[in-house]
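# Overview (structure and organization)
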Amino acid sequence: MAAVITVRGPFAFMRRLVSARLHKHCCSRVQAACLAYRPHSYSLTAGQQRRFFRTSYAAAGPIMQFKLSDIGEGIMEVTVKEWYVKVGDKVSQFDSICEVQSDKASVTITSRYDGIIRKLYYDIDSIANVGNPLVDIETEAGEVEGPQEDVVETPPMSQEEHTHQEIKGQKTQATPAVRRLATENNIKLSEVVASGKDGRILKEDILNFIAQQTGAILPPAPFQEIRPPPPAPAVPSAPAKPKTPAPSIPTPVIPKPVFTGKDRTEPVKGFQKAMVKTMSSALKIPHFGYCDEVDLTQLVRLRSELKGLSESRGMKLSYMPFFMKLRNISFFLDVQIIAQAAHNIGLAMDTTQGLLVPNVKNVQMLSVFEIAVELNRLQILGASGQLGASDLTGGTFTLSNIGSIGGTYAKPVILPPEVAIGALGKMQVLPRFNSKGDLVKAHIMNVSWSADHRIIDGATMCRFSNMWRSYLENPASMVLDLK
Amino acid sequence: MILRLSDLNVISKSVRLKSTLTTFFDEIGKDIIIKSSSTGIYENLALEDWIHDYVDLQNRNILLLCRNSPAVVIGRHQNPWQECNLPLMRRLGIPLARRRSGGGTVFHDTGNINMTFFTSKKKYDRHRNLTVVTNALKELRPNLDVNSTDRFDILLNGHYKISGTAAKLGRTAAYHHCTLLCSVDRSLLSSVLKSNNSQVIKSNATPSVPSPVKNLMDVDPSLDTDTVMEAIASQYKKEFDFATPVITVDPTHESLMPGVHKMTRDLLTWEWVYGKTPKFSVSTSVVVDRVNITLDMDIKNGKVERFDIGFPDGWLPLEIVNEFTSTMNGSRFCPRETAVLLSAFIRTNSLAADIAEKIHRLCEGVISVM
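Every value quoted in this text rests on a predicted model; they were computed, and no experiment measured them. (Residues numbered from 1 in each chain as written. Chains lettered and ligands numbered in written order. Predicted model: local features only at pLDDT ≥ 70, side-chain atom pairs only at ≥ 80, totals over all residues. Heavy atoms only, no water.)

## Side note on the overall build of chain A
A count of helical and extended segments in chain A gives ten helices and 18 strands. Burial analysis of chain A (483 residues in total) assigns 36% to the buried set. Considering only contacts within chain A whose residues lie at least 6 apart along the sequence, 60% involve residues at least 24 apart. (Helix = DSSP H or I, 4+ residues; strand = E, 2+ residues; numbered from the N terminus. Buried < 20%, exposed > 50% of the residue type's maximum accessible area, 1.4 Å probe, protein only. Contact = heavy atoms within 4.5 Å.)

See the structure below:
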C-alpha cells in the first residue's frame, strides 16, 4: 500500500507517479503504454521515470493463444470452413474470426482479444479440436489477461447510422463532458443512440439527438473540446459554455456539410468486360450516321386491325416484327449489303445485367407473326436472365428500339462484325401536311442508322432507308413483295 | 397493420419514434412465438438473421414459424451445382438461397413448415426442440409414429424423413431451425434436388444425405400446415410455460427492424448465393464433330480460377485457345455470363466460320455444367 512506503524521491517524481496511475485508470486505451514501472513495486531511484509513454512498440506484446471454446452439446471436434482473417490482420474483441461446422451446426467464432493475428492453426476443411489453440493473437503490451469465459453481453450494435438501439439496464458510457452536455439540454442518456465503441455516447450523438428532436441543424455549439478529466479532482472553475452574446439574433451558421462519399475503383469484369471489349472493337469501324423520319400512320391502322387476330393466336403484336421483316425485304430487293444468306436480325435488349443483343434467326424464312412469336420468346428469356449462347451469337444486323424507353434521335454503335445498325426513336403524334395540303395528325417515328463507311456509302444507305420507309408508310405494298 | 394483436394499446404505446421490434418484445413478455407474414425465402431468412443479431436472447426463447413459396435452400458450406438441378430451377423460376446455418439442402414450398428455435448459446438444446415438435404431433394424432433420431431428423413410421435440422451458433445466441413436410410437392422436390453434374464435380463441400421422404398429409389428410403450426405453437407454450398469443410480423418492415432490408439484399447477391461455395473442380468432356475435347476447371469463390482445354493438335489455333482461356479466367461460373462472354469473344476476334462454330460448341459444353 502506498501509505506505508515512505518515498524519499523528489516531489516531481511523486506527482508524476500519482498522475500516471490515475491516467492508467481514466484513459480507455493507453496506446503504447510501456509504463516504466509496475504498480506495486516502487523504485526509489529517481531519474529512472522520465518518460511514461513511448511512441512506438519497442517490443512485441504478449501472444495470447486463443483456444477453441466449448461449442455445446458435448461436441469435441469441428471442421474449419472459412477464415475471416489472415495473419497480420488487426482484430477487435468480438470480431468474427472464422466459421466452423459440426454436425449440421455452423458456428461463428469471435475474438476474445484485441490485437493482431499472428498465426492460424488450421487450414480450410481441417478438423479442429475443442480446447486446442485456434489462432495466436498478439495483444497490446500491458493489457490485462482476457477473461477465460466468454463474456455474456447484449447483442452487438448495428453498423447502420440511425440505429434505434436502446441501451438496456447497462450503465451508459459517456465521458463527464458529454454527460454535462446532455444534462444542460435535458436529455436522458439512455435515449441517445450511441455511435462510439462499446456503446459509448459521443458528443456528436448528443448533437444528432438534439437535431432530430428539434428538426433543425444546429450551429456548432461553442463548447470546449472534450478531454479526459485532469488528474487532480479540481472543481471545474470555468463554465463549460461561455455566455451567449446579447439579444441580437445571431446569423445562422450552417456547418459546412462534409461529403463523406468516396470514389470507388472497381475492376471491370463479367458483362462489363464483354461490353468494353465489344465497344473497343467497334471503335475501329468508321461510322457514318443517317437519320430520317417515318410516317407510321398507316402501319398503326394496320396493326390495330390485326391486333384482335393476333391475340386470338395468343400473341401480342408489336411494331418490331414489321420493322424486322421489312428490313429484310429491302435487302433482297435493292441493296445487297451483306453477303450472308442468313438474316439474323438482332434486337438490342435492356436487361438488369445491361445491354444484351439476342437475334431472331433466318428472318427471311419467317412470317411477321412467326417473328413476333420468336421475339416474345427472346424477351421472356432476357427478362429472366436465361438467354443462351446460340441466342446471343450469329447476328448479322441489329435494331435498337431505344424509343420504347425514350428519345428521338440516336447515334448507335455498330456491333462487329455487322456493318450497320438502326435505332428507332419513340413514336409521337405530330401535325403534318398531307398531299392535299391539309393539316393531319400523323404518327411519326425517327430512325437513326449507322453504317460502316468502308463498305457502305451514303447513297446506298439513303436508298435502303427510303425503301424501308416506303414499305412502312404504305404497308399494303408489302403484299406485292412479301416472300 | 403490421403487428396483429388483440391489445391495440400495446401497439400505440410502443410505436414511438425510436421503437423497434426488440422494445416491443420487452413489453410483450419474455418468451414469444412469431409468425412471418411473408412467403419470400430471402425475407424470411433475413428475419431469422435479424432476430439472431439484434434481439437479446439471454433470458428469452423465441419460436419463429413461416412457410415459403417454392425455393431451394442450401446450407452455408454447400455446393449448389452438386446439390440441385440448377437448369431446371432456372426454367421453372425457382429461386436458390443459401442460409447461414450449416446442414444440407432442402426444398421449400407452402406445404413445408419452417420452425426456428432461438435461445441463448447456453440453452441451445436441439433434442428439446425436436421433442416439442414430436409431442405436438402426438397430441394431434396419438397413433402417429414420429420420432427424432440422433442425427436430429424426425422420422415417420421409422423410415420416412419428415424433418431435417440445421443450426447456427453465434457469440452469445444460437438458433436451431428445422422443416416439417406436411403437403409438399414430392415429385418436384425429387427432380429439383437431383443434380445432373454431381459426377463431374469434385469438392469438399458438405454433401447432403438423400433420404426417402413422405408428407404428413399422406398418412392423415387432416394434418395440413395450419393445423400442425397451431399444434406446435401450443406445445411450445406448454414446454416453456407462457401464454402470450402468436404475433405476426412483416419481415420487410424496415423501421421496426432497422437493417433488415440490407440483410435481405445481402442474401440475394450472387456473391453470397454462389460465391460462397467452397473451392471445387470440374472435369468433363464434350464431343464436337466426333472429336473428344476435355474441359478442366477450378472454381474458387464461384469464379473460374483455372480453365484448361484438352484437344488434339491442330484442332484449334493456339492463339484462339489462349485468348478464350484468358477470357474465361476470372469469370463467374454462371451460364448467363459465359454466354455473354462468348458472344463478345466471337464479335471481337474475327474468326473463320468453322473455328467460331467449334468455340461455340465448346462453350455450350462448359455451360451445360453450370
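The rest of the description comes next.
## What to know about the pairing of strand β3 (residues 71-74) of chain B
All names here are of chain B. By the alternation rule, side chains of β3 split into A71 and V73 and V72 and I74, which are all buried. As judged from the three bridges shared by β3 and strand β5 (residues 106-108), these two strands associate in the antiparallel manner. Across the sheet, V72 pairs through a bridge with F107, a residue of β5. When β3 meets strand β4 (residues 96-98), the two strands line up parallel, connected through three bridges. Following the sheet pairing, V73 is matched in β4 by A97. (Pairing = 2+ DSSP bridges.)

## As for the pattern of salt bridges
Here the structure, examined in full by the defined rule, presents 27 salt bridges over all chains. Note that R118 of chain A and E138 of chain A form a salt bridge whose closest N and O atoms lie 2.7 Å from each other. Highlighted residues: R118 of chain A in strand β6 (residues 115-120) and E138 of chain A in strand β8 (residues 133-138), separated in sequence by 20 residues. Of the residues examined, E138 of chain A reaches a relative accessible area of 14% and is grouped as buried. Across the salt bridge formed by R332 of chain B and E271 of chain B, the nearest N and O atoms sit 2.8 Å from each other. Of this pair, R332 of chain B sits in the loop between α12 (318-328) and α13 (335-348) while E271 of chain B sits in helix α11 (residues 270-273); the two residues are 61 residues apart in sequence, bridging distant segments of the chain. (Salt bridge = Lys/Arg side-chain N within 4 Å of Asp/Glu carboxyl O.)

## Here we look at the packing of helix α3 (residues 41-54) of chain B against helix α10 (residues 260-268) of chain B
Residues and elements named next belong to chain B. Look at α3 against α10: their axes get within 8 Å of each other, and the N-to-C directions meet at 125 degrees. Viewed along their axes, α3 and α10 adopt a mutual orientation that is oblique. By crossing handedness, the relation of α3 to α10 is classed as right-handed. Judged by residue contacts, Y42, E43, L45, A46, L47, D49, W50, D53 and Y54 of α3 engage V260, M263, T264, L267 and L268 from α10. Of the residues in the contact of α3 with α10, the class split is ten nonpolar, one polar and three charged. (Axes fitted to C-alpha atoms, helices over the stretch in contact; angles between N-to-C directions. Parallel < 35°, antiparallel > 145°, perpendicular 65-115°, else oblique. Left-handed = near helix turned anticlockwise from the far one by under 90°. Nonpolar A, V, L, I, M, F, W, Y, C, P; charged D, E, K, R; others polar.)

## Here's the deal with unusual backbone geometry
Cis geometry is found at the peptide bond from P416 of chain A to P417 of chain A, where omega equals 0 degrees. Position of P417 of chain A among the secondary structure elements: in the loop between β15 (397-400) and β16 (420-424). Positioned with a positive phi, F152 of chain B is a non-glycine residue whose angle comes to about 65 degrees. Classification of F152 of chain B as buried rests on a relative accessible area of 6%. In this model, N301 of chain B sits at a positive phi of 55 degrees, which is unusual for a non-glycine residue. Checked against the element boundaries, N301 of chain B lands in the loop between β15 (291-300) and β16 (303-310).

## Let's talk about the confidence of the model for chain B
Residues and elements named next belong to chain B. Confidence in the prediction of chain B, expressed as mean pLDDT, is 87, and 95% of residues score 70 or more. Contacts for the low-pLDDT stretch residues 5-18, under 50 throughout, to residues beyond four places or in other chains number 22 contacts. Prediction confidence for the complex, expressed as pTM and ipTM, is 0.72 and 0.80 respectively. (pLDDT = per-residue confidence, 0-100.)

## Remarks on the interface of chain A and chain B
With 56 residues of chain A in contact, the opposing surface of chain B contributes 58 residues. A buried area of about 5000 Å², summed over both sides, lies between chain A and chain B, and 51% of it is on carbon and sulfur atoms. Inspection of the region where chain A meets chain B yields five salt bridges. Here R347 of chain B makes a salt bridge to E418 of chain A, at a shortest N to O gap of 3.4 Å. (Buried area = accessible area lost by both parts, 1.4 Å probe.)

## Description of the UniProt feature "domain: BPL/LPL catalytic" (unreviewed entry) in chain B
The UniProt feature table records "domain: BPL/LPL catalytic" (unreviewed entry) at residues 57-244 of chain B. Between the end C-alpha atoms of residues 57-244 of chain B there is a gap of 17 Å, over a span that is 28% helix and 27% strand. (UniProt positions renumbered as here; feature names shortened; annotations may be inferred.)

## Regarding the nonpolar core
If you look at the biggest cluster of nonpolar residues, it comprises 134 residues, and the most contacted ones within it are F323 and W468 of chain A together with F324 of chain B. For this core, the element with the most residues is α3 of chain B, which contributes eight residues. In contact with F324 of chain B, other than residues within four places in its own chain, are F307, I309, L342, F345, I359, L362 and C363 of chain B. In this structure, L137, V146, I232 and F242 of chain B belong to the second largest nonpolar core, which totals 30 residues. (Core = buried A, V, L, I, M, F, W, Y, C linked by side-chain atoms within 4.5 Å.)

## Some thoughts on the domain arrangement of chain B
All names here are of chain B. One can read the domain layout of chain B as domain 1 (2-273) and domain 2 (280-367). Computed from C-alpha atoms alone, the centre-to-centre distance between domain 1 and domain 2 is 41 Å. Counting residues at the interface gives nine residues for domain 1, matched by eleven residues for domain 2. Interface of domain 1 and domain 2: buried area, both sides summed, is about 930 Å²; carbon and sulfur atoms make up 59% of it. (Domains from an automatic or database assignment.)

## Topic: the pairing of strand β17 (residues 428-433) of chain A
Residues and elements named next belong to chain A. Examined bridge by bridge, β17 and strand β18 (residues 439-452) share six bridges and lie antiparallel to one another. Bridge pairing in β18 links F433 to L439. Connecting β17 to the next strand, β18, in antiparallel fashion are five residues, including G437 with a positive phi near 85 degrees.

## As for helix α2 (residues 176-184) of chain A
Residue and element names in this part refer to chain A. Of all the residues in α2, the buried ones are A177, V178, L181 and A182. Along α2, the residues classed as buried sweep out an arc of 145 degrees about the axis, all on the same side. Residues of α2 that are exposed and point over 90 degrees away from its buried face: P176 and T183. A positive backbone phi angle near 55 degrees is found at N186, which sits one or two residues after α2. (Arc of directions from axis to C-beta.)

## Examining the packing of aromatic side chains
Evaluated as defined, the whole model comprises 19 aromatic pairs over all chains. Relative to Y274 of chain B, the ring of W81 of chain B has its centre 5.5 Å away and its plane inclined at 45 degrees; by these criteria the two rings are tilted. Of this pair, W81 of chain B sits in helix α4 (residues 80-83) while Y274 of chain B is found in the loop between α11 and β14 (280-288), placing the two residues 193 residues apart along the sequence. Both rings, one in W81 of chain B and one in F280 of chain B, keep their centres 5.4 Å apart while their planes meet at 35 degrees; by these two values the pair is tilted. Here the residue W81 of chain B occupies a position in helix α4, and F280 of chain B occupies one in strand β14, the gap between them amounting to 199 residues. Note on W81 of chain B: relative accessible area 2%, which makes it buried. Over the ring of Y319 of chain A we find R303 of chain A, and its NZ or CZ is 4.7 Å from the ring centre. (Phe/Tyr/Trp six-rings, centres within 6.5 Å; stacked < 30°, edge-to-face > 60°. Lys NZ or Arg CZ within 6 Å of the ring centre and 35° of its normal.)

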